[in-house]
Amino acid sequence: MALSVGSASLRTQCQFRPRMSSCDGAKNTMHKLSLRSSNGNEGATGHFMSNGKGHAPWPSQAEMSVLQFAQSHFAAQTLIALMRIGVLDVLAGSLTVDEIITELNRDSERKVTTTINRDALFRCLRLICTTGVLEEATKNVDGGGDESAFSLTEMGQLIRRPKSSDESSMASFMFHWAELPIWDSWSQLPDYVAGERSPGGAPSQSAFDLATPPFDRANGMSASEYYKENPDSCTHRNAVARYASSKEIDSLLDAMQQSLVLNESNLGGKTIVDIGGGYGDLMHEVKTSMPYVGKCYCLDLPDVIDDALSSTTDKDEGGEVALVSGDMFDSSTIPPCDVIFTKHVLCDFPDDEVVLALQSFRQALQEGGRVVIMDAVLPNGDDLNGRWNPAVSFDVLLMLTGRRGERSRLEWSNLAERAGFVLEQVLRTASVTVDLAVLTLA
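Predicted model only: the values in this text are computed from it and were never measured.

So, a nonpolar patch on the surface
Item 1. A cluster of nonpolar side chains, Trp58, Met64 and Leu67, forms an exposed patch at the surface whose accessible area comes to about 260 Å².
Item 2. Looking at where Met64 falls in the secondary structure, it is placed in helix α1 (residues 61-70).

Have a look at this one:
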């Protein structure tokens, strides 16, 4: 029998194992086929539905995509299990399962004993090889023949625990997002979306407010309260933020200098205010990388600026960045300026408050001024459909924990218009967590 699988024609040797039909007299019967190519090599093994006219492959490409999507958490939970017992941290070179167990026992800090389930470890390692984190190869073991051995890929190296504070690692992304407080929060999402007051949907004395975020519903407290009480969890959350932030500033500077609206010809001699700028890190980098800009201010709430002033030592000996207390909703506290930067601030506020903030910015800007919003700008239309985008996933995670979220180009355009601005341009950066939405006065 010749079957077309993809673009290849296979001559198969079929062994049929009929399965019981779900109803008497049904013409369709599932069969198990072992496929062999015409040259004798084993081909794909799959299930086919007999319809009396031939055999259609199961799963189809669309069905395969559904299976992969539905199973995606299998790999995530398996990987975090291996990470928690330290498997990735002891993988140096290519190791068999027994060699991995030996290395785990050698590391007394991990408290792993020889009672580790060898079969379970092997099966977990094999699954993670399908993700690109590990690779399997054959290794000859003295006196024992060939065995499977496992090694880290470049991706796997990224999620090992850091050995020092100077080492860059993405391990905390896995630990933070797979922790029970976050994991359990997803189970509350259906009721949150449906507008149910309580997990069961029936109002009760302990019913949640409709606006109570999934994290709060699952954990009995807000995310900020939880991480204050759980310093180990907070460490992972903060490590995620630091890792992302460390990649952002260089990406922002590169995007500005390569653009036509935020390069030297447009920013030369201009006064810039970074609203919500914390300790002034972004403004210091701007002043260092773009010395042609004019006066630079970092504006934040009084307690933040007080802390920044007490912590700042030699960063601003020349007084090139002024730290000022203020409120973005009060234009009288914003120094008159040509350009306003705001990075990861407006994403935490609802639409109406964003409009109020933009109107306040408008009053502080000089003629021809610009607002540069530094948030992830989510895609619309064809740029969204069928394409994985980490920023879109981050947006839902923000919703899960009760924070506001990111916006699309269309949403920013509508908010800008309400506040008397025009969305001039969206500049993409090399970072997945931040873009630049440039607004000009209408």
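What to know about the packing of aromatic side chains
Item 1. Under the defined criterion, the tally for this structure stands at 8 aromatic pairs.
Item 2. Here Phe122 and Phe150 contribute two aromatic rings whose centre-to-centre distance is 6.2 Å and whose plane-to-plane angle is 65 degrees, an arrangement assigned as edge-to-face. Highlighted residues: Phe122 in helix α5 (residues 118-129) and Phe150 in strand β8 (residues 145-152), separated in sequence by 28 residues.
Item 3. Ring centres 5.8 Å apart and planes at 50 degrees place the aromatic pair Trp177 and Phe394 in the tilted group. Note that Trp177 is positioned in helix α7 (residues 171-178) and Phe394 in helix α17 (residues 390-400), a separation of 217 residues in sequence.

Details of the nonpolar core
Item 1. Core analysis: the biggest nonpolar cluster contains 29 residues, and Leu358, Phe361 and Val371 have the highest contact counts within it.
Item 2. Those elements giving two or more residues to this core turn out to be β9 (272-275), β12 (337-343), α16 (351-364), β13 (365-374), α18 (409-418), β16 (421-427) and β17 (436-441).
Item 3. With 6 residues, the single largest contributor to this core is α16.
Item 4. What Phe361 contacts, discounting residues up to four positions off in sequence, is Ile275, Met328, Ile334, Ile340, Thr342 and Val371.
Item 5. Grouped together as the second largest cluster of nonpolar side chains are 28 residues, Leu262, Val286, Ile305 and Leu436 included.

As for the pairing of β8
Item 1. Sheet topology note: the strand β6 (residues 95-96)/β8 ladder contains 2 bridges and is antiparallel. Considered in β8, the bridge of Thr96 is made with Ala149.
Item 2. Pairing of strand β7 (residues 134-141) with β8, which is carried by 8 bridges, proceeds in the antiparallel orientation. Bridge pairing in β8 links Ala137 to Ala149.
Item 3. The hairpin formed by β7 and β8 contains 3 residues between the paired strands, and Gly143 there has a positive phi angle of roughly 75 degrees.

Overview of α18
Item 1. Inspection of α18 places Trp412, Leu415 and Ala416 among the buried residues, and these make up the whole buried set. The arc enclosing the buried residues of α18, seen along the axis, measures out at 100 degrees, which places them on a common side. Projecting away from the buried face of α18 at angles above 90 degrees are the exposed residues Leu410 and Glu417.
Item 2. Close packing links the buried residues of α18 with α16, β13, β14 (377-378), β15 (407-408), β16 and β17.
Item 3. Positive backbone phi, approximately 90 degrees, marks Gly420, located one or two places after α18.

Description of the pattern of salt bridges
Item 1. Enumeration according to the criterion identifies 11 salt bridges in this entry.
Item 2. A salt bridge links Arg118 to Asp98; the shortest N-O distance between them is 2.7 Å. Highlighted residues: Arg118 in helix α5 and Asp98 in helix α4 (residues 97-106), separated in sequence by 20 residues.
Item 3. Between Lys343 and Glu248 there is a salt bridge whose closest N-O contact spans 2.9 Å. In this pair, Lys343 is assigned in strand β12 and Glu248 in helix α12 (residues 231-258), connecting sequence segments 95 residues apart.

Observations concerning the sheet that holds strand β10 (residues 296-300)
Item 1. Reading across the sheet, the 7 strands line up as β11-β10-β9-β12-β13-β17-β16 and stay open at both edges, with mixed pairing between neighbours. Edge positions in the open sheet fall to β11 (321-325) and β16, since each of these has one partner strand only. Looking at each pair of strands side by side, their axes are set apart by 20 degrees on average, direction ignored.
Item 2. Sheet topology places β9 next to β10; 4 bridges connect them, and they run parallel. Across the sheet, Ile272 pairs through a bridge with Cys296, a residue of β10.
Item 3. With respect to the sheet, helix α15 (residues 302-311) is in contact with β10 and β11, its orientation differing from that of β11 by roughly 140 degrees.

Rules and cut-offs
- Residues numbered from 1 in each chain as written.
- Predicted model: local features only at pLDDT ≥ 70, side-chain atom pairs only at ≥ 80, totals over all residues.
- Heavy atoms only, no water.
- Patch = residues over 30% accessible without salt bridge, like charges linked within 9 Å, V, L, I, M, F, W, Y side chains within 5 Å.
- Areas by Shrake-Rupley, 256 points an atom, 1.4 Å probe, with all protein chains shown as cover.
- Salt bridge = Lys/Arg side-chain N within 4 Å of Asp/Glu carboxyl O.
- Helix = DSSP H or I, 4+ residues; strand = E, 2+ residues; numbered from the N terminus.
- Phe/Tyr/Trp six-rings, centres within 6.5 Å; stacked < 30°, edge-to-face > 60°.
- Core = buried A, V, L, I, M, F, W, Y, C linked by side-chain atoms within 4.5 Å.
- Buried < 20%, exposed > 50% of the residue type's maximum accessible area, 1.4 Å probe, protein only.
- Contact = heavy atoms within 4.5 Å.
- Pairing = 2+ DSSP bridges.
- Arc of directions from axis to C-beta.
- Axes fitted to C-alpha atoms, helices over the stretch in contact; angles between N-to-C directions.

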